[in-house]
Amino acid sequence: MQNIFFFHQSSFIKRCLTFVTLITAFSALNGCVSTQNEDPYTYTPSTSPYQDVIDAQQRAEEQSKLLLVVLGAQWCHDSTGLAQRFATKEMDLILRAHYETVFVDVGTLEDRRNITERFDYPIYYATPTVMVVEPKTSALLNRTSMDIWGRADSISLSEYIQYFSRFPAMTTAQKAPFINWQATDEEEIYNKEQALRLQSAYDKLGPMLAQDLQGNTPEGLNELWKETKGFRTELQKTLIKRAELSLDSENGNGVNTTPALRHYNPFSWEHN
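Quick summary incoming for the structure in this document. (Residues numbered from 1 in each chain as written. Predicted model: local features only at pLDDT ≥ 70, side-chain atom pairs only at ≥ 80, totals over all residues. Heavy atoms only, no water.)

**Some words on the packing of helix α8 (residues 185–213) against helix α9 (residues 221–247)**
For step 1, the next point in the chain: Orientation of α8 relative to α9, taken along the N-to-C sense of each, is 150 degrees, at an axis distance of 10 Å. One finds that α8 runs roughly antiparallel with respect to α9. Here α8 and α9 pass one another in a crossing that is left-handed.
For step 2, the next point in the chain: When its residues are assigned to classes, the contact of α8 with α9 shows 13 nonpolar, three polar and six charged. (Axes fitted to C-alpha atoms, helices over the stretch in contact; angles between N-to-C directions. Helix = DSSP H or I, 4+ residues; strand = E, 2+ residues; numbered from the N terminus. Parallel < 35°, antiparallel > 145°, perpendicular 65-115°, else oblique. Left-handed = near helix turned anticlockwise from the far one by under 90°. Nonpolar A, V, L, I, M, F, W, Y, C, P; charged D, E, K, R; others polar.)

**Structural notes on the sheet that holds strand β4 (residues 139–140)**
Backbone hydrogen bonds hold the strands of a sheet together, and the pairing may be parallel or antiparallel.
For step 1, the next point in the chain: The strand order across the open sheet built from four strands is β2-β1-β3-β4, with neighbouring strands paired in mixed fashion. The outermost strands of the open sheet, each flanked by one partner alone, are β2 (99–105) and β4.
For step 2, the next point in the chain: In terms of strand pairing, strand β3 (residues 129–134) meets β4 through two bridges, oriented antiparallel. Residue pairing for β4: Glu134 is matched across the bridge by Ala139.
For step 3, the next point in the chain: Sheet strands touched by helix α2 (residues 49–62): β1 (66–72) and β2. Its angle to β2, the strand with the most contacts, is close to 175 degrees.
For step 4, the next point in the chain: Packed onto the sheet, helix α3 (residues 77–86) meets β1, β2 and β3 and runs at close to 145 degrees relative to β1. (Pairing = 2+ DSSP bridges. Contact = heavy atoms within 4.5 Å.)

**Focus: the layout of surface pockets**
For step 1, the next point in the chain: For the largest pocket, the calculated volume is near 520 Å³.
For step 2, the next point in the chain: Around the largest pocket, the lining comprises 21 residues; the ones closest to its centre are Ala126, Thr127, Gly150, Lys229 and Arg232.
For step 3, the next point in the chain: Elements that contribute at least two residues to the lining of the largest pocket include exactly α8 and α9.
For step 4, the next point in the chain: The leading source of residues in the lining of the largest pocket is α9, at seven residues.
For step 5, the next point in the chain: Of the residues in the lining of the largest pocket, the class split is 11 nonpolar, five polar and five charged. (1 Å grid on protein atoms, 1.4 Å probe; cavity = no way out; pocket = protein on both sides within 12 Å on 5 of 7 lines; lining within 4 Å. Points joined across faces, edges and corners; volume = space filled by probe spheres on them.)

**Observations regarding the pattern of salt bridges**
For step 1, the next point in the chain: In this structure the tally under the stated criterion is nine salt bridges.
For step 2, the next point in the chain: For Glu234, the salt bridge is made with Lys237, and the minimal N-O distance between the two is 3.8 Å. Note that Glu234 and Lys237 are positioned in helix α9 at a spacing of three residues, about one turn of the helix.
For step 3, the next point in the chain: Judged by relative accessible area, Lys237 falls into the partly exposed class, the value being 48%.
For step 4, the next point in the chain: Two residues, Glu244 and Lys241, come together in a salt bridge whose shortest N-O distance is 3.9 Å. Separated by three residues within a single helix, Glu244 and Lys241 lie in helix α9, roughly one turn from each other.
For step 5, the next point in the chain: The partly exposed category is assigned to Glu244, whose relative accessible area is 33%.
For step 6, the next point in the chain: On the accessibility criterion, Lys241 (35% relative accessible area) is partly exposed. (Salt bridge = Lys/Arg side-chain N within 4 Å of Asp/Glu carboxyl O. Buried < 20%, exposed > 50% of the residue type's maximum accessible area, 1.4 Å probe, protein only.)

**A word on α3**
For step 1, the next point in the chain: Taken across its 10 residues, α3 has eight buried, putting it largely inside the fold.
For step 2, the next point in the chain: Along α3, the residues classified as buried are Asp78, Ser79, Thr80, Gly81, Leu82, Ala83, Arg85 and Phe86.
For step 3, the next point in the chain: Elements in contact with the buried residues of α3: β1, α4 (89–98), β2, β3 and α6 (157–166).

**Focus: the nonpolar core**
For step 1, the next point in the chain: Grouped together as the largest cluster of nonpolar side chains are 39 residues, with contacts concentrated most on Leu67, Val69, Leu71, Tyr121 and Met131.
For step 2, the next point in the chain: Looking at this core, the elements that each hand over two or more residues are α2, β1, β2, β3, α8 and α9.
For step 3, the next point in the chain: Broken down by element, this core gets its largest block of residues, eight residues, from α8.
For step 4, the next point in the chain: In this structure, Tyr99, Val132, Tyr163 and Phe167 belong to the second largest nonpolar core, which totals 25 residues. (Core = buried A, V, L, I, M, F, W, Y, C linked by side-chain atoms within 4.5 Å.)

Take a look at the structure:
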C-alpha cells in the first residue's frame with residue numbers, strides 16, 4: 001500500500017515537472033515568436049517621438065551603423081509604399097545590416113520640427129521624409145536627394161536597393177562635405193521663417209485631414225491641400241538646389257546659379 005502510494009506520488013511529480021517544463025519552453029518560444037513578428041516598418045503613434053530618434057541615434061553609433069529616420073503616416077500612400085519595400089527580403093537585409101531604422105508617425109501633419117532640426121533640416125516637406133544620418137556628427141548624408149521620397153511608392157525595388165546600399169559604402173572623404181556643410185545665416189533665418197509658415201498650413205490642414213480619414217471630407221480640403229503642396233514642393237526644391245551647389249565646388253564654373261530665396265504670397269486663408 002505504501003509502495004503504491006510512493007509510486008503514484010512519484011509519477012504525479014514527474015508529470016508536474018514535465019508540465020512545468022513544457023510551459024517554460026512554450027513561454028520562451030512565444031517570446032521568440034513575438035520578437036520576430038515585430039514590424040519595424042510601421043508608423044506607430046508614440047508619446048515621445050523625439051526621444052525615440054535620440055535613442056535610435058545612440059544605438060546606431062554604438063553599433064557603427066547609419067541612422068535612418070523616416071517620417072510618415074499610415075494614411076499616406078507613399079509612406080506605406082516605402083514601408084512595403086523596406087519589408088522585402090532584399091531591403092530588410094540591407095537595413096538590418098547597415099542601419100538603425102526608426103519610423104516616426106507624423107499623425108495628421110503634426111509638428112516634428114524638433115526632429116528634422118536635429119539634423120539641420122527645417123521641416124518635413126513631404127510624407128515620407130527619409131533622412132540618412134551619420135550618427136556621431138548628426139550629418140545628413142542624403143541632403144541633396146531627399147525630395148525623391150515624396151513619390152516613394154512609384155520607385156522600383158532595384159532603385160531602393162541601389163540607393164540604400166550607397167551610403168554604407170561612402171568613404172570618410174565622401175562624407176566630409178556633408179559633415180562640414182552649414183547653411184548661411186541668411187538661409188537659416190529664411191528656412192525657419194518658411195518652415196513656420198508651412199507648419200501653420202499643416203496645423204490648418206490637420207483637423208480637416210482627420211475628418212476626411214473618418215469619412216467626412218470637409219469643404220475646402222482639396223483646395224488647401226493643393227495650395228500647401230505647391231508651397232512645400234517649391235521650398236524643398238530650392239533648399240536642395242542650394243545644398244547641391246554649395247556641396248559641389250566645381251559646379252557652374254564660377255557662374256552664380258544659386259536659386260534666390262523666394263518670398264511667397266500669403267496663403268488664401270491669411271487674407272481673411
